[in-house]
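What the coordinates show
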Amino acid sequence: MNASRGSWNDPQLDALADGLRIAHARVAKLSPLVRPQMTRHLLVITDLAKRDAALALRRLESFLSDLDGDENVP
């Protein structure tokens, strides 16, 4: 993690924050046809992170994996 951004002193929360940052940037680049649906999925994960960081991290990893597997996603 980049030291200039600070740290939660919790590797799981750091990974979640970094993953959410990456996911939001990738979703922003999607076509207008799929962006709303993917944004909703990402917002659900973000909301889940407030209650269960471990589950949110697993779902985020799955979400990013799905984005990686789609040849239509930048």
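Residues numbered from 1 in each chain as written. Predicted model: local features only at pLDDT ≥ 70, side-chain atom pairs only at ≥ 80, totals over all residues. Heavy atoms only, no water.

**Here we look at the nonpolar core**
In this structure, Leu 16, Leu 42, Leu 60 and Phe 63 are the most contacted members of the largest nonpolar core, which totals 16 residues. Every element with two or more residues in this core is listed here: α1 (11-28), α2 (35-49) and α3 (53-69). Of the residues forming this core, the biggest block, seven residues, is contributed by α3. Filtering out sequence-adjacent residues up to four positions away, Phe 63 remains in contact with Ala 23, Val 27, Met 38, His 41, Leu 42 and Ile 45. (Core = buried A, V, L, I, M, F, W, Y, C linked by side-chain atoms within 4.5 Å. Buried < 20%, exposed > 50% of the residue type's maximum accessible area, 1.4 Å probe, protein only. Helix = DSSP H or I, 4+ residues; strand = E, 2+ residues; numbered from the N terminus. Contact = heavy atoms within 4.5 Å.)

**Observations concerning the confidence of the model for the chain**
A residue-level look at the chain finds 82% of positions with pLDDT of 70 or above and a mean pLDDT of 87. Mean pLDDT values over the elements of the chain span from 93, in α3, up to 95, in α2. (pLDDT = per-residue confidence, 0-100.)

**A look at α3**
End to end, α3 covers 24 Å across 17 residues, agreeing with the expected 24 Å (1.5 Å per residue, within 8%). Burial in α3 covers these residues: Ala 53, Ala 56, Leu 57, Leu 60, Phe 63, Leu 64 and Leu 67. All buried residues of α3 lie within an arc of 125 degrees about the axis, which places them on one face of the element. Along α3, the residues that are exposed and aim more than 90 degrees away from the buried face are Arg 58, Asp 66 and Gly 69. (Expected span 1.5 Å × (residues − 1). Arc of directions from axis to C-beta.)

**Concerning the environment of Ala 54**
With respect to the element layout, Ala 54 can be found in helix α3. Its relative accessible area of 26% is what places Ala 54 among the partly exposed residues. The sequence separation of Ala 54 and Gln 12 amounts to 42 residues, and the corresponding C-alpha distance is 7.2 Å.

**Here we look at α2**
For α2, spanning 15 residues, the distance from its first C-alpha to its last is 21 Å, which sits close to the expected 21 Å at 1.5 Å a residue. Residues of α2 that are buried: Met 38, Leu 42, Ile 45 and Leu 48. Buried residues of α2, seen end-on, are gathered within an arc of 115 degrees and therefore sit on one face of the element. In α2, the exposed positions angled more than 90 degrees off the buried face are occupied by Arg 40 and Val 44. Contact partners of the buried residues in α2: α1 and α3.

**Focus on the packing of α1 against α3**
Between α1 and α3, the least distance of the axes is 10 Å, while the angle of their chain directions is 35 degrees. Relative to α3, α1 is oriented so that their crossing is left-handed. Residues Gln 12, Leu 13, Ala 15, Leu 16, Gly 19, Leu 20, Ile 22, Ala 23, Arg 26 and Val 27 of α1 touch α3, and the partners they reach there are Ala 53, Ala 54, Ala 56, Leu 57, Leu 60, Phe 63, Leu 64, Leu 67 and Asp 68. (Axes fitted to C-alpha atoms, helices over the stretch in contact; angles between N-to-C directions. Left-handed = near helix turned anticlockwise from the far one by under 90°.)

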